[in-house]
Amino acid sequence: HNVTIDEAFKIATRHQHEGSLEKAERVYRSIIEAEPKHYLAMHNLAMIVKDQGFKEKALSLLLRAENANPDFAPVQNLLGGVFYELGIPENSQKAYLKAIKLDPDDPKFHLNLGNLYKANGVPDLAVQKYRDTLKLNPNDMKACLNLGAALIDLWRPEEALECFTKVSIAEPDYPEAHYNMGNAYRDIGEYEKAIPCYQKAIDLNPDYQDPWTNLTNVTHIQEHLKSPGIHSNELSISGLKPELVNHSNCLISKHSLLASRPQEAEESYDEVMEALTKDLPPIESSPRLEGLTTQTIGLLHFGRSGTGLMHSLIDNHPEISTLPSIFLSGYFNEGVWEQLIAEGREKLVEHFTRLFAVLFDATSPIPVPSTKNENLTMIGLKEGMTYLGENRDEVLKVDVEAFSAEANRLLALCEVIHAGLFLQIVHAAYEYAIGAETKKDIMYFHIHNPDMYAQFHFAHYFPDARQMIMVRSPVQCCESWMKKIQDEMNYEKNIARIQSMLSSLNRTLYNRQDVVGVRLEDVKERPTETMQALCKWMGVEESPTRYGMTAQGKKWWGDPSSPDYDQKKEMSPFDNTCLKRPAESIFNENDRFVLETLFYPFSVKFGYREEDPETFKSDLKKTRSLIGNLFKFENEFIDHKGFTAAQLQNRHEYLSFRIFLNDRLDVLEEFGTYPNLLRVRPKSLSV
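Residues numbered from 1 in each chain as written. Predicted model: local features only at pLDDT ≥ 70, side-chain atom pairs only at ≥ 80, totals over all residues. Heavy atoms only, no water.

A. Broad picture of the environment of G435. As for its position among the elements, G435 is in the loop between α21 (419-433) and β3 (442-448). Under the relative-accessibility criterion, G435 is labelled partly exposed at 46%. Taking the C-alpha atoms as reference points, G435 and A454, separated by 19 residues in sequence, lie 31 Å from one another. (Helix = DSSP H or I, 4+ residues; strand = E, 2+ residues; numbered from the N terminus. Buried < 20%, exposed > 50% of the residue type's maximum accessible area, 1.4 Å probe, protein only.)

B. Just the pairing of strand β5 (residues 515-519), in detail. Burial runs high along β5: 5 of the 5 residues are buried. The sheet contact formed by strand β4 (residues 466-471) and β5 spans 5 bridges and is parallel. Across the sheet, the residue bridging to Q467 is V515, located in β5. (Pairing = 2+ DSSP bridges.)

C. Fine view of empty space enclosed by the protein. Tallying each qualifying case throughout the model produces 5 cavities of 30 Å³ or more. Space inside the largest cavity adds up to approximately 100 Å³. Every residue lining the largest cavity is counted, 13 residues in all, and those nearest its centre are H301, N449, S500, S504 and R507. A class-by-class count of the residues in the lining of the largest cavity yields 5 nonpolar, 7 polar and 1 charged. (1 Å grid on protein atoms, 1.4 Å probe; cavity = no way out; pocket = protein on both sides within 12 Å on 5 of 7 lines; lining within 4 Å. Points joined across faces, edges and corners; volume = space filled by probe spheres on them. Nonpolar A, V, L, I, M, F, W, Y, C, P; charged D, E, K, R; others polar.)

D. Structural context of the nonpolar core. Of all hydrophobic cores here, the largest spans 142 residues; its most connected members are M310, Y331, F332, F352 and F422. The dominant element in this core, judged by the number of residues it contributes, is α21, at 10 residues. Leave out the neighbours within four places in its chain, and F352 touches L328, Y331, L340, L359, F360, F403, F422 and V426. (Core = buried A, V, L, I, M, F, W, Y, C linked by side-chain atoms within 4.5 Å. Contact = heavy atoms within 4.5 Å.)

E. Here's a closer look at the sheet that holds strand β1 (residues 295-300). Pairing within the open sheet is parallel, and its 5 strands lie in the order β2-β3-β1-β4-β5. Edge positions in the open sheet fall to β2 (320-322) and β5, since each of these has one partner strand only. Across the sheet, the axes of successive neighbouring strands diverge by a mean angle of 25°, strand direction being ignored. Inspection of the sheet shows β1 paired to β3 by 5 bridges, in the parallel sense. Following the sheet pairing, L300 is matched in β3 by H448. Of the strands in this sheet, β1, β2, β3, β4 and β5 touch helix α27 (residues 527-538), which is tilted by about 160° from β4. (Axes fitted to C-alpha atoms, helices over the stretch in contact; angles between N-to-C directions.)

F. Region of the structure containing helix α3 (residues 39-51). Between its terminal C-alpha atoms α3 stretches 18 Å, which fits the 18 Å expected from 13 residues at 1.5 Å a residue. For α3, every residue scored as buried is listed here: A41, M42, H43, N44, L45, A46, I48, V49 and K50. Looking one or two residues beyond α3, the residue adopting positive phi is G53, at roughly 100°. (Expected span 1.5 Å × (residues − 1).)

G. Spatial organisation of the environment of A8. Relative to the assigned elements, A8 resides in helix α1 (residues 5-18). Sequence separation of A8 and A41 is 33 residues, and the distance between their C-alpha atoms is 9.9 Å. Every residue in contact with A8, bar those within four places of it in the chain, is listed here: V3, V27 and I31.

H. Structural view of the pattern of salt bridges. Evaluation of the coordinates by the stated rule reveals 32 salt bridges. E159 is paired through a salt bridge with R131; the nearest N and O atoms lie 3.6 Å apart. Of this pair, E159 sits in helix α10 (residues 157-170) while R131 is found in helix α8 (residues 123-136), placing the two residues 28 residues apart along the sequence. The salt bridge partner of R526 is D522, with a shortest N-O separation of 2.9 Å. Since its relative accessible area comes to 3%, D522 is described here as buried. (Salt bridge = Lys/Arg side-chain N within 4 Å of Asp/Glu carboxyl O.)

I. Up close: α10. For α10, spanning 14 residues, the distance from its first C-alpha to its last is 20 Å, which sits close to the expected 20 Å at 1.5 Å a residue. Where α10 is buried, its residues contact α9 (141-153) and α11 (175-188).

J. Looking closely at the packing of helix α31 (residues 613-626) against helix α34 (residues 652-671). For the pair α31 and α34, interaxial distance at closest approach is 11 Å and the crossing angle is 150°. Of the possible angle classes, the one that applies to α31 and α34 is roughly antiparallel. As α31 packs across α34, the resulting crossing turns out to be left-handed. Residues F616, L620, T623 and R624 of α31 lie in contact with α34, whose contacting residues are N662, L665, D666, L668 and E669. In the contact of α31 with α34, the residues fall into 4 nonpolar, 2 polar and 3 charged. (Parallel < 35°, antiparallel > 145°, perpendicular 65-115°, else oblique. Left-handed = near helix turned anticlockwise from the far one by under 90°.)

K. Up close: unusual backbone geometry. At S325, a position not held by glycine, the phi torsion is positive, near 50°. Here S325 lies in the loop between β2 and α17 (336-340). According to the relative accessible area criterion, S325 is buried, its value standing at 8%. Positive phi is not limited to glycine here, since H448 has a value of about 70°.

Structure (C-alpha cells):
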C-alpha cells in the first residue's frame, strides 16, 4: 500500500531472495494486477510457480511476459526450461536458441541448451554448448561435469576424465563428480581406479543409487577378468564406511551380483528384506481404513508381451481397482517417494497430482517417473488414452479436485504414512473420483518393468502380493522389443533388454510370492478358458468386462506403437496376427540359436518347444563356442559408429553382457535348467 510499482517490485524480489515465497508471490500478483504488462514481475512469479510444480501456470505467465517484451532473454530461457519439463523439447530448443541470440554472453543459456541436447540424445551438440558455457565462465563446475558426461556418451572417456578430475578438485564433496570419474575410469578399462571413485560417491551420499549399481557392475567385471568362470558375490566394500555395509542399497547391490544365479541368492534376498524392514516404516502400522484394497496383484512384462492388453481386459472389473496404463510404473523408483513427501503429508497429495498429472488428464505432456533412460513424455498420447470411447473422441480425464479431497480425507485418518499405504489411498481416491459404485478389494498395480530397487520396495510394502507376468515366445518377443532401440543404434539398451528377459526367467521372488506366468498366446487363442482361469486365481467372479479392451471403463483402441494398430478400424484383443508375424531382422541364425538355447527350459515349460534333453546338451556345447561371437546387432552398431570389433569388445557394456550370458550358460550346464524357474499357473493353463 502507498508504494510505487518499482518499490513494490524491489520488495517482492527481496522476499524472493530471502525465501519468503508466499509474500513474494502476493506482491508480484498485485503488481501484475496494477500493471498487466510488467514482464519482470511475470518472469519472477513464473520462477516461483514453476518451482512449486505448476508448470502450466508458469507457461501462461511467461507467454504473457513474452508478449509484453519479446526481446527479454531471461523469459526465453525460463520458457525453455518450462517447455522441457512439459515434454515439448522442440519448443524448448527454440526458446533457448532465442535467448542465446538475444544475449549470447550469458553462460546459463548455453548450459541449458547443452542440457537439452544431452537429454535428447545429441551429445555432440551438447559438448559444443558446454564448451561455449565454459568459455564464458571457466569456473562453472556444473557445465564441466555435464561436458564430461556428454563425452562419456560419445565414448571419449579420456577427455571426460579431465573434466571430472577438475570438478572433484574444485568440489571434493560433490558425489556426482566422483561417480562420473568412476564411469570414466570404467570406460577406459581401469576398473581398479573406478572402484574407489564409486566408493567415495557412496560415502558422500549412501542413498545415491547409481554408484552402487556401477560399483556392482565393475566388481563383477573385475572378478571375471581376474578369475574367468569363478563366481563371487563379494562386493568391493573395503573402502566404504563400516556403517554402510548393512545399508539396504549395499545389500541390494550384493544381491544383484547373484541375479544370474538365483540358486545362491536366497540368503542375500532375506538380508535385503530385513534391512528394508529396519529402514522403512513398518507396514503393520497401516490402518484398516474403509475403502482401501486388502489384496494386491502386480502386473509385469516379459519384453513386448502384451501387458497393455491384459491391463485393458482386467480394467473395469467390479472387484478390481486399476489405474490407467503404465502411468504409475515408476512409483517405487529411487527418489520418487522422497520427492512426494518432501514438504510433509500436508503437501503429499498436491505433489502427487502434479508429478503424475497425466493420471488426471491424458493430454498432459509432463513426463512421469519411469525406467532409467526411458522417456515417458506425452505418455497418455503414446498409450492411446487421448482417443477413447466408441468414436475415439474421448480423453481420459479425472476430476483432480474430487480425487484430492478424498485422498486428503483418507490421509488424515492415518497416524503413519508410507509409500505402500499411500498407493492404496491413491487407488481408493481414484475410484471415488471416477464414481465407482462398488468397493474393490483388489489393487491391480501395473508395475511393468521395475529395477531391483523398485522390486524390493514393492515386495516390502506388499509381502503378500501376487504377481502376473505376461510372457510370449521368447526370441520373437525379444526381437519385437528391441526393434525400435536397434533403429536408434542404442547398444546399451539393446543388451539391457536381452539381459532383462533372460534374468526374469528365474528369481528368488518366485519362491516367496505367488507368481503367475501367463502366455499371450493363450489370451489370444483361448480367451474364455484363460480369462476364467485367471479370475479364479485372482479370486474374483467372472465378468463380461474381461473380453473388451477398456481404460477406466472407456473403450480402448489398442497400443498405437503396435504394428497391428490401425487408426481406421477396431483392434481385436484376440486377433493373433502378432503371433504369426515373421521374425524381425535383429538376430541372425547363430544369434537365434544361442538365445533359443538359453531360453530352452522356459520354452519347454511354457510349451514353446518340445523337450529334447539330448539335443539340449549338445546345443549347450555349441552355444559355448558361439557365445563369444558378435551378434548381428553388434556388428551393425560397429559399422554405424565406425568402430572396430576390438573397440566394442573392450567396452564394459560388452564385457558385462558376455559375463552375463556365460553365467546363464554355466547355470544350465550345472543344473540342466534354471533353479526357481517361473512357474506356469494357474494349473488350468499349464501346457
